Amino acid sequence: MHRRRRTALLLAATLATAAPLLTACSDEAHPGAAAVVGDDRITVSQLENRVTEVRTAQRAAVTDDAQYEQAIAQSGGLTREILNNMVLDRVLHQAAQDAGVTVSRKEVTRTRANLENQPGGVKALEASWLQQYGIPPQRIDENLRLQLEAQKLAAKLGTDTSGPAFWAALSDSSKKLDIDLNPRYGTWDAKKNSRVEAKLPWLRQVTQAGSQETA
């Protein structure tokens, strides 16, 4: 058998063998969960529902099929982006709680009213949040609460939301919550406060072995 053909078959066999193992490990460690954040489980169903909310809002905002397809193409990594934000929201909330920061319903209502009083009103607010942050209309209040928490936390730390002290506080919360993502969505980097793609060293080793054989 030609060496390149044999190498291709070896790689295909390895992938086929490894995939069930990865799936099995994932299911055992994360039954139905996209992520575990402290005592909180973000289920795959919850994640899928959030993605559907955004897609539905995008469809309602863009009635032209071609423009909608373009919007979909520009947000191809939406599922992973939303999971990243769902985890980060919990990290931020934990950091705010640890610092004794609270946000009242009245503060959220007042902030939203101020935004709705700007040119364009409610429609402009909803369109802006969807386009800039991927936040559907029904999640705006929730997002405003988190933004207010972030601002208050930063102020208490004597910085702003881009300052090292603010992100260090979030890193501490990430570590405290011991965040564990389902491998299909990558891993959580507590220092960066962000999801990162999972590394698959077995694939690199097999690829390198195949290259050596064909050399």
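Check the entry above for the structure.
Rules and cut-offs
- Residues numbered from 1 in each chain as written.
- Predicted model: local features only at pLDDT ≥ 70, side-chain atom pairs only at ≥ 80, totals over all residues.
- Heavy atoms only, no water.
- Helix = DSSP H or I, 4+ residues; strand = E, 2+ residues; numbered from the N terminus.
- Buried < 20%, exposed > 50% of the residue type's maximum accessible area, 1.4 Å probe, protein only.
- Areas by Shrake-Rupley, 256 points an atom, 1.4 Å probe, with all protein chains shown as cover.
- Expected span 1.5 Å × (residues − 1).
- Contact = heavy atoms within 4.5 Å.
- Pairing = 2+ DSSP bridges.
- Axes fitted to C-alpha atoms, helices over the stretch in contact; angles between N-to-C directions.

Where do I start with the overall build of the chain in this structure?
Looking only at helices and strands, the chain has nine helices and five strands in total. The order of α-helices and β-strands along the chain, N terminus first, is α-β-β-α-α-α-α-α-α-α-β-β-β-α. Relative to its full complement of 215 residues, the chain shows a buried share of 35%. If you sum the accessible surface of the chain, you get close to 12800 Å²; carbon and sulfur atoms cover 53% of it.

Sorry if this is basic, but what is going on with helix 6 (residues 121-133) here?
Because each turn of an α-helix spans 3.6 residues, side chains separated by three or four positions in sequence point in the same direction. Over its 13 residues, helix 6 runs 18 Å from end to end, which matches the ideal 18 Å to within 8%, given 1.5 Å per residue. Along helix 6, the residues that are buried comprise G121, L125, S128, W129 and L130. Contacts from the buried residues of helix 6 go to helix 2 (44-61), helix 5 (105-116) and helix 7 (140-156). Once helix 6 finishes, G134 follows within two positions and takes phi at roughly 70 degrees, a positive value.

How do you make sense of the sheet that holds strand 2 (residues 40-43) when you look at a structure like this?
Across a sheet, strands are paired by hydrogen bonds formed along the backbone, either parallel or antiparallel in direction. Strand order in the open sheet formed by three strands is 2-1-3, and the pairing between neighbours is antiparallel. In this open sheet, the two edge strands, each paired with only one partner strand, are strand 2 and strand 3 (180-181). Looking at chain direction, strand 1 (residues 33-37) and strand 2 are connected through four bridges and run antiparallel. Residue V37 lies in a different strand from strand 2, and its bridge partner there is D40. Of the strands in this sheet, strand 1 and strand 2 touch helix 2, which is tilted by about 55 degrees from strand 2.

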